[in-house]
Amino acid sequence: MAETGQKKLRTGWTTGACATAAAKAAYAALLSGEFPDPVTITLPRGEQPAFALAFEKLEENAATAAIIKDAGDDPDVTHGACIQATVRPNAQANRIRFLAGAGVGTVTKPGLPIPVGEPAINPVPRQMITSELQKLADTHGVSLGVDVEISIQNGEELAQKTMNPRLGIVGGLSVLGTTGIVRPFSCAAWIASIHRGVDVARATGLTHVAAATGATSEDVLRSYYPDLPEQAYLDMGDFAGGLLKYLRAHPVSKLTISGGIAKLTKLAQGAMDLHSARSTVDFAALADVLQQAGASDALLKETREAKLVSYVAQQAAKEGLQIGEAIALRAQTAALNILRGAPVSVEIIVVDRQGQVQGHTPANENVQLEQS
(Lines give C-alpha, C1' and ligand atoms only; values in the text may rest on other atoms or scores of the structure.)
Protein backbone atom coordinates (compact mmCIF):
# COMPACT_ATOMS: atom_id res chain seq x y z
CA MET A 1 0.00 0.00 0.00
CA ALA A 2 1.05 3.58 -0.64
CA GLU A 3 0.85 6.15 2.14
CA THR A 4 -0.17 9.79 2.24
CA GLY A 5 -0.11 11.47 5.65
CA GLN A 6 -1.84 9.10 8.05
CA LYS A 7 -3.83 7.32 5.36
CA LYS A 8 -2.76 4.16 3.60
CA LEU A 9 -3.89 3.97 -0.01
CA ARG A 10 -5.16 0.62 -1.24
CA THR A 11 -3.97 -0.80 -4.52
CA GLY A 12 -6.60 -2.18 -6.89
CA TRP A 13 -6.99 -4.21 -10.06
CA THR A 14 -6.87 -3.02 -13.66
CA THR A 15 -9.69 -3.48 -16.11
CA GLY A 16 -7.46 -6.00 -17.89
CA ALA A 17 -7.06 -8.11 -14.75
CA CYS A 18 -10.83 -8.09 -14.14
CA ALA A 19 -11.54 -9.03 -17.77
CA THR A 20 -9.01 -11.87 -17.53
CA ALA A 21 -10.64 -13.26 -14.38
CA ALA A 22 -14.11 -13.04 -15.93
CA ALA A 23 -12.95 -14.73 -19.15
CA LYS A 24 -11.21 -17.52 -17.21
CA ALA A 25 -14.31 -18.21 -15.12
CA ALA A 26 -16.53 -18.26 -18.20
CA TYR A 27 -14.26 -20.58 -20.16
CA ALA A 28 -13.87 -22.90 -17.17
CA ALA A 29 -17.68 -23.18 -16.98
CA LEU A 30 -17.91 -23.79 -20.70
CA LEU A 31 -15.47 -26.70 -20.36
CA SER A 32 -16.57 -28.17 -17.02
CA GLY A 33 -20.08 -26.90 -16.38
CA GLU A 34 -19.02 -25.07 -13.21
CA PHE A 35 -17.86 -21.53 -12.53
CA PRO A 36 -14.84 -21.19 -10.22
CA ASP A 37 -15.78 -18.62 -7.58
CA PRO A 38 -13.54 -17.00 -6.55
CA VAL A 39 -11.41 -17.29 -9.67
CA THR A 40 -7.63 -16.90 -9.40
CA ILE A 41 -5.38 -15.57 -12.17
CA THR A 42 -1.65 -14.98 -12.54
CA LEU A 43 -0.55 -11.41 -13.26
CA PRO A 44 2.46 -10.55 -15.48
CA ARG A 45 4.76 -10.16 -12.47
CA GLY A 46 3.62 -13.34 -10.73
CA GLU A 47 0.96 -12.09 -8.28
CA GLN A 48 -2.09 -14.38 -8.00
CA PRO A 49 -5.18 -12.42 -6.92
CA ALA A 50 -8.60 -14.05 -6.52
CA PHE A 51 -11.80 -12.38 -7.77
CA ALA A 52 -15.37 -13.00 -6.63
CA LEU A 53 -17.94 -13.34 -9.39
CA ALA A 54 -20.72 -10.78 -9.55
CA PHE A 55 -22.68 -12.61 -12.23
CA GLU A 56 -22.61 -15.96 -14.01
CA LYS A 57 -24.67 -17.54 -16.76
CA LEU A 58 -24.14 -20.85 -18.56
CA GLU A 59 -25.88 -21.55 -21.87
CA GLU A 60 -25.54 -24.37 -24.37
CA ASN A 61 -22.84 -22.64 -26.44
CA ALA A 62 -21.79 -19.73 -24.28
CA ALA A 63 -20.77 -18.85 -20.77
CA THR A 64 -20.72 -15.41 -19.18
CA ALA A 65 -19.07 -14.19 -15.99
CA ALA A 66 -18.63 -10.73 -14.52
CA ILE A 67 -16.35 -9.03 -11.99
CA ILE A 68 -16.93 -5.73 -10.17
CA LYS A 69 -13.75 -3.71 -10.56
CA ASP A 70 -12.03 -2.56 -7.38
CA ALA A 71 -9.49 0.15 -8.25
CA GLY A 72 -8.47 0.55 -4.61
CA ASP A 73 -8.08 4.18 -3.59
CA ASP A 74 -7.29 5.34 -7.11
CA PRO A 75 -9.83 7.86 -8.53
CA ASP A 76 -10.35 5.63 -11.56
CA VAL A 77 -13.50 6.28 -13.62
CA THR A 78 -14.00 2.50 -13.90
CA HIS A 79 -13.92 1.85 -10.13
CA GLY A 80 -17.06 -0.16 -9.34
CA ALA A 81 -17.76 -0.94 -13.00
CA CYS A 82 -19.06 -4.36 -13.99
CA ILE A 83 -16.51 -6.05 -16.29
CA GLN A 84 -18.11 -8.94 -18.17
CA ALA A 85 -16.73 -11.67 -20.43
CA THR A 86 -18.72 -14.02 -22.65
CA VAL A 87 -16.88 -17.00 -24.14
CA ARG A 88 -18.26 -18.96 -27.10
CA PRO A 89 -16.74 -21.85 -29.07
CA ASN A 90 -15.52 -20.91 -32.55
CA ALA A 91 -14.95 -23.98 -34.69
CA GLN A 92 -13.48 -21.84 -37.47
CA ALA A 93 -10.58 -20.62 -35.33
CA ASN A 94 -7.68 -22.23 -33.51
CA ARG A 95 -7.05 -19.15 -31.41
CA ILE A 96 -8.89 -16.48 -29.44
CA ARG A 97 -10.87 -13.90 -31.36
CA PHE A 98 -11.48 -10.80 -29.25
CA LEU A 99 -14.78 -8.95 -29.63
CA ALA A 100 -15.97 -5.61 -28.26
CA GLY A 101 -19.21 -5.96 -26.35
CA ALA A 102 -21.32 -3.12 -25.04
CA GLY A 103 -19.20 -0.44 -23.41
CA VAL A 104 -15.86 -1.48 -24.94
CA GLY A 105 -14.49 0.78 -27.63
CA THR A 106 -13.20 0.07 -31.11
CA VAL A 107 -9.99 1.56 -32.50
CA THR A 108 -10.60 3.85 -35.48
CA LYS A 109 -7.28 5.70 -35.83
CA PRO A 110 -3.72 4.43 -36.37
CA GLY A 111 -0.93 4.91 -33.86
CA LEU A 112 -2.36 2.92 -30.97
CA PRO A 113 -0.93 -0.49 -29.97
CA ILE A 114 -4.07 -2.17 -31.40
CA PRO A 115 -4.83 -2.07 -35.17
CA VAL A 116 -7.69 -0.05 -36.60
CA GLY A 117 -10.95 -1.98 -36.48
CA GLU A 118 -9.98 -4.07 -33.46
CA PRO A 119 -11.60 -3.91 -30.01
CA ALA A 120 -9.72 -1.57 -27.69
CA ILE A 121 -8.33 -4.43 -25.61
CA ASN A 122 -4.65 -3.69 -25.11
CA PRO A 123 -1.82 -6.18 -25.73
CA VAL A 124 -1.08 -7.15 -22.11
CA PRO A 125 -4.73 -7.93 -21.22
CA ARG A 126 -4.95 -9.98 -24.44
CA GLN A 127 -1.83 -11.88 -23.42
CA MET A 128 -3.19 -12.45 -19.90
CA ILE A 129 -6.51 -13.77 -21.20
CA THR A 130 -4.82 -15.97 -23.77
CA SER A 131 -2.45 -17.43 -21.17
CA GLU A 132 -5.22 -18.31 -18.71
CA LEU A 133 -7.50 -19.81 -21.35
CA GLN A 134 -4.67 -21.78 -22.94
CA LYS A 135 -3.88 -23.38 -19.58
CA LEU A 136 -7.54 -24.43 -19.24
CA ALA A 137 -7.60 -25.79 -22.80
CA ASP A 138 -4.44 -27.80 -22.15
CA THR A 139 -5.87 -29.20 -18.91
CA HIS A 140 -9.01 -30.38 -20.71
CA GLY A 141 -7.14 -31.59 -23.78
CA VAL A 142 -8.92 -29.33 -26.26
CA SER A 143 -7.72 -26.82 -28.83
CA LEU A 144 -8.26 -23.17 -28.00
CA GLY A 145 -10.70 -21.84 -30.56
CA VAL A 146 -13.09 -19.36 -28.94
CA ASP A 147 -14.59 -15.91 -29.20
CA VAL A 148 -14.08 -13.75 -26.12
CA GLU A 149 -16.40 -10.77 -25.90
CA ILE A 150 -15.62 -8.19 -23.23
CA SER A 151 -18.29 -5.75 -22.05
CA ILE A 152 -18.24 -2.92 -19.51
CA GLN A 153 -21.48 -1.69 -17.99
CA ASN A 154 -22.01 2.02 -18.81
CA GLY A 155 -18.66 1.96 -20.61
CA GLU A 156 -19.72 4.26 -23.42
CA GLU A 157 -20.81 6.91 -20.93
CA LEU A 158 -17.69 6.49 -18.77
CA ALA A 159 -15.45 6.78 -21.82
CA GLN A 160 -16.50 10.41 -22.24
CA LYS A 161 -14.48 11.14 -19.07
CA THR A 162 -11.32 9.69 -20.63
CA MET A 163 -9.02 10.47 -23.57
CA ASN A 164 -10.67 7.75 -25.70
CA PRO A 165 -12.87 9.98 -27.88
CA ARG A 166 -9.87 12.21 -28.66
CA LEU A 167 -7.78 9.18 -29.57
CA GLY A 168 -10.36 7.80 -31.97
CA ILE A 169 -11.59 4.96 -29.73
CA VAL A 170 -15.34 4.92 -30.26
CA GLY A 171 -18.13 3.12 -28.48
CA GLY A 172 -16.66 2.77 -25.04
CA LEU A 173 -13.67 2.25 -22.80
CA SER A 174 -10.34 0.56 -23.36
CA VAL A 175 -9.34 -2.60 -21.51
CA LEU A 176 -5.99 -1.57 -20.06
CA GLY A 177 -3.21 -2.58 -17.71
CA THR A 178 0.43 -3.61 -18.00
CA THR A 179 0.88 -5.17 -14.55
CA GLY A 180 -2.71 -5.96 -13.57
CA ILE A 181 -2.41 -3.74 -10.49
CA VAL A 182 -3.70 -0.19 -10.07
CA ARG A 183 -1.36 1.88 -7.91
CA PRO A 184 -3.37 4.52 -6.03
CA PHE A 185 -2.82 7.96 -7.45
CA SER A 186 -1.57 10.49 -4.95
CA CYS A 187 0.67 13.26 -6.26
CA ALA A 188 2.10 14.09 -2.85
CA ALA A 189 2.68 10.45 -1.89
CA TRP A 190 4.24 9.58 -5.24
CA ILE A 191 6.57 12.57 -5.26
CA ALA A 192 7.51 11.83 -1.65
CA SER A 193 8.41 8.29 -2.66
CA ILE A 194 10.64 9.67 -5.45
CA HIS A 195 12.38 11.91 -2.93
CA ARG A 196 12.88 8.98 -0.60
CA GLY A 197 14.38 7.00 -3.47
CA VAL A 198 16.92 9.77 -4.14
CA ASP A 199 17.71 9.96 -0.44
CA VAL A 200 18.38 6.22 -0.27
CA ALA A 201 20.55 6.34 -3.39
CA ARG A 202 22.65 9.15 -1.95
CA ALA A 203 22.86 7.52 1.47
CA THR A 204 24.15 4.28 -0.04
CA GLY A 205 26.79 6.09 -2.07
CA LEU A 206 25.23 5.70 -5.50
CA THR A 207 26.35 8.15 -8.17
CA HIS A 208 23.84 7.08 -10.84
CA VAL A 209 20.04 6.87 -10.62
CA ALA A 210 17.70 5.68 -13.36
CA ALA A 211 14.12 6.97 -13.59
CA ALA A 212 11.29 5.60 -15.73
CA THR A 213 7.83 6.83 -16.65
CA GLY A 214 6.36 3.30 -16.66
CA ALA A 215 6.93 -0.45 -16.77
CA THR A 216 8.01 -0.64 -20.42
CA SER A 217 10.52 2.19 -20.12
CA GLU A 218 11.87 0.68 -16.90
CA ASP A 219 12.48 -2.62 -18.71
CA VAL A 220 14.56 -0.68 -21.25
CA LEU A 221 16.50 0.99 -18.45
CA ARG A 222 17.30 -2.37 -16.90
CA SER A 223 18.53 -3.70 -20.23
CA TYR A 224 20.89 -0.70 -20.51
CA TYR A 225 22.11 -0.95 -16.92
CA PRO A 226 21.67 -4.54 -15.68
CA ASP A 227 24.30 -4.09 -12.97
CA LEU A 228 22.72 -1.09 -11.27
CA PRO A 229 21.48 -1.98 -7.78
CA GLU A 230 17.74 -2.01 -7.20
CA GLN A 231 17.78 1.22 -5.19
CA ALA A 232 19.13 3.07 -8.22
CA TYR A 233 15.83 2.64 -10.05
CA LEU A 234 13.22 5.35 -9.43
CA ASP A 235 9.53 5.01 -10.34
CA MET A 236 9.22 8.56 -11.62
CA GLY A 237 5.87 8.10 -13.33
CA ASP A 238 4.61 11.43 -14.62
CA PHE A 239 6.48 13.52 -12.04
CA ALA A 240 9.58 14.60 -13.94
CA GLY A 241 9.51 18.00 -12.26
CA GLY A 242 9.26 16.48 -8.79
CA LEU A 243 12.38 14.41 -9.46
CA LEU A 244 14.44 17.10 -11.19
CA LYS A 245 13.71 19.83 -8.67
CA TYR A 246 14.67 17.51 -5.82
CA LEU A 247 17.91 16.56 -7.57
CA ARG A 248 18.63 20.26 -7.96
CA ALA A 249 18.96 20.46 -4.17
CA HIS A 250 20.12 16.87 -3.58
CA PRO A 251 22.29 16.04 -6.60
CA VAL A 252 23.45 12.66 -7.84
CA SER A 253 26.22 12.67 -10.44
CA LYS A 254 24.23 11.00 -13.21
CA LEU A 255 20.53 10.72 -14.01
CA THR A 256 19.12 8.52 -16.76
CA ILE A 257 15.49 9.12 -17.72
CA SER A 258 13.68 6.54 -19.85
CA GLY A 259 10.17 7.30 -21.03
CA GLY A 260 7.52 6.94 -23.68
CA ILE A 261 7.82 9.18 -26.70
CA ALA A 262 4.67 11.19 -25.92
CA LYS A 263 5.61 11.84 -22.29
CA LEU A 264 9.15 12.86 -23.15
CA THR A 265 7.84 15.14 -25.90
CA LYS A 266 5.97 16.97 -23.12
CA LEU A 267 9.17 17.18 -21.06
CA ALA A 268 11.01 18.45 -24.14
CA GLN A 269 8.37 21.18 -24.42
CA GLY A 270 8.84 22.22 -20.80
CA ALA A 271 6.15 20.25 -18.94
CA MET A 272 7.05 19.01 -15.46
CA ASP A 273 3.93 16.88 -14.93
CA LEU A 274 3.59 14.44 -17.83
CA HIS A 275 0.13 13.07 -17.05
CA SER A 276 -2.36 13.29 -19.93
CA ALA A 277 -4.92 15.10 -17.75
CA ARG A 278 -2.45 17.82 -16.73
CA SER A 279 -0.29 18.48 -19.77
CA THR A 280 -0.66 18.11 -23.51
CA VAL A 281 1.68 17.89 -26.49
CA ASP A 282 2.03 21.04 -28.56
CA PHE A 283 1.78 19.50 -32.02
CA ALA A 284 2.47 22.81 -33.74
CA ALA A 285 5.80 22.98 -31.91
CA LEU A 286 6.46 19.34 -32.85
CA ALA A 287 5.82 20.28 -36.48
CA ASP A 288 8.46 23.00 -36.15
CA VAL A 289 10.95 20.35 -35.02
CA LEU A 290 10.11 18.25 -38.05
CA GLN A 291 10.35 21.25 -40.35
CA GLN A 292 13.91 21.83 -39.16
CA ALA A 293 14.62 18.17 -39.96
CA GLY A 294 13.36 18.58 -43.54
CA ALA A 295 9.87 17.07 -43.29
CA SER A 296 7.50 17.32 -46.23
CA ASP A 297 4.64 19.80 -46.25
CA ALA A 298 2.20 16.88 -46.08
CA LEU A 299 3.85 15.53 -42.92
CA LEU A 300 3.90 18.98 -41.33
CA LYS A 301 0.17 19.36 -41.97
CA GLU A 302 -0.51 15.88 -40.53
CA THR A 303 1.56 16.69 -37.46
CA ARG A 304 -0.26 19.94 -36.72
CA GLU A 305 -3.58 18.05 -36.87
CA ALA A 306 -2.36 14.93 -35.05
CA LYS A 307 -3.54 13.57 -31.69
CA LEU A 308 -0.81 10.98 -31.07
CA VAL A 309 2.97 11.46 -31.03
CA SER A 310 3.40 7.76 -31.83
CA TYR A 311 1.48 8.26 -35.09
CA VAL A 312 3.63 11.27 -36.02
CA ALA A 313 6.76 9.20 -35.33
CA GLN A 314 5.50 6.42 -37.60
CA GLN A 315 4.75 8.86 -40.43
CA ALA A 316 8.09 10.65 -39.95
CA ALA A 317 9.96 7.35 -40.16
CA LYS A 318 8.47 6.84 -43.64
CA GLU A 319 10.36 9.99 -44.67
CA GLY A 320 13.53 8.77 -43.00
CA LEU A 321 13.15 11.14 -40.05
CA GLN A 322 13.75 9.74 -36.55
CA ILE A 323 12.07 12.32 -34.35
CA GLY A 324 12.96 10.32 -31.24
CA GLU A 325 16.51 11.64 -31.39
CA ALA A 326 15.35 15.25 -31.60
CA ILE A 327 12.92 14.71 -28.73
CA ALA A 328 15.66 13.10 -26.61
CA LEU A 329 18.00 16.05 -27.14
CA ARG A 330 15.31 18.61 -26.34
CA ALA A 331 14.17 16.66 -23.27
CA GLN A 332 17.78 16.60 -22.07
CA THR A 333 18.04 20.37 -22.49
CA ALA A 334 14.73 20.89 -20.67
CA ALA A 335 15.86 18.67 -17.79
CA LEU A 336 19.13 20.54 -17.45
CA ASN A 337 17.26 23.83 -17.43
CA ILE A 338 15.16 22.58 -14.50
CA LEU A 339 18.34 21.45 -12.71
CA ARG A 340 19.73 25.02 -13.02
CA GLY A 341 23.38 24.12 -13.00
CA ALA A 342 23.26 21.41 -10.33
CA PRO A 343 26.12 18.92 -10.80
CA VAL A 344 23.93 16.27 -12.44
CA SER A 345 24.57 14.93 -15.94
CA VAL A 346 21.43 13.80 -17.77
CA GLU A 347 20.92 10.92 -20.19
CA ILE A 348 17.60 10.49 -22.04
CA ILE A 349 16.18 7.31 -23.61
CA VAL A 350 12.98 7.61 -25.67
CA VAL A 351 11.01 4.39 -26.20
CA ASP A 352 7.84 3.36 -28.00
CA ARG A 353 5.02 1.17 -26.64
CA GLN A 354 6.85 -1.98 -27.68
CA GLY A 355 9.96 -0.97 -25.77
CA GLN A 356 11.98 -0.14 -28.88
CA VAL A 357 14.41 2.74 -28.42
CA GLN A 358 13.42 5.69 -30.62
CA GLY A 359 16.03 8.16 -29.41
CA HIS A 360 19.01 8.22 -27.06
CA THR A 361 21.07 11.17 -25.88
CA PRO A 362 24.05 10.09 -23.72
CA ALA A 363 24.77 11.93 -20.47
CA ASN A 364 26.25 15.32 -21.25
CA GLU A 365 26.45 17.98 -18.60
CA ASN A 366 27.64 20.48 -21.19
CA VAL A 367 24.35 20.80 -23.08
CA GLN A 368 23.67 24.50 -23.76
CA LEU A 369 21.04 25.81 -21.37
CA GLU A 370 18.33 28.21 -22.48
CA GLN A 371 18.88 31.74 -21.28
CA SER A 372 16.09 33.27 -19.27
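Our subject is the structure that appears above.
Computed from a prediction, not measured in an experiment: that's the story for all the values here.

## Remarks on the sheet that holds strand β7 (residues 63-68)
Stage number 1. Here 5 strands make up an open sheet; going across it, the order is β6-β7-β8-β12-β9 and the pairing mixed. At either margin of the open sheet sits one strand with a lone partner, and together these are β6 (55-58) and β9 (96-100). When the angles between neighbouring strand axes are averaged without regard to direction, this sheet yields 15°.
Stage number 2. Strand direction decides the pairing type here: β6 and β7, joined by 4 bridges, are antiparallel. Paired with E56 across the bridge in β7 is A65.
Stage number 3. Together, β6, β7, β8 (82-89) and β12 (146-152) form the strand contacts of helix α1 (residues 15-32), whose direction differs from that of β8 by roughly 40°.
Stage number 4. The strands touched by helix α2 (residues 123-140) within the sheet are β9 and β12, with β9 carrying the most contacts at an inclination of about 130°.

## Quick notes on unusual backbone geometry
Stage number 1. Note the cis peptide between D37 and P38, where omega equals 5°.
Stage number 2. Here P38 lies in the loop between α1 and β4 (39-40).
Stage number 3. Not every positive phi belongs to a glycine, and N154 is a case in point at roughly 60°.
Stage number 4. Within the fold, N154 resides in the loop between β12 and α3 (155-159).

## With respect to the sheet that holds strand β20 (residues 357-361)
Stage number 1. The 5 strands are arranged β17-β16-β18-β19-β20 in an open sheet whose pairing can be described as mixed. Strands at the two margins of the open sheet, each flanked by one partner only, are β17 (233-235) and β20. The sheet shows a mean angle of 20° between the axes of neighbouring strands, taken without regard to direction.
Stage number 2. Pairing geometry for strand β19 (residues 345-351) and β20, over 4 bridges, is antiparallel. Considered in β20, the bridge of V351 is made with V357.
Stage number 3. In this fold helix α12 (residues 323-339) packs onto β19 and β20, with an angle of close to 45° to the strand it touches most, β20.

Reading the values: rules and limits
- Residues numbered from 1 in each chain as written.
- Predicted model: local features only at pLDDT ≥ 70, side-chain atom pairs only at ≥ 80, totals over all residues.
- Heavy atoms only, no water.
- Pairing = 2+ DSSP bridges.
- Helix = DSSP H or I, 4+ residues; strand = E, 2+ residues; numbered from the N terminus.
- Axes fitted to C-alpha atoms, helices over the stretch in contact; angles between N-to-C directions.
- Contact = heavy atoms within 4.5 Å.

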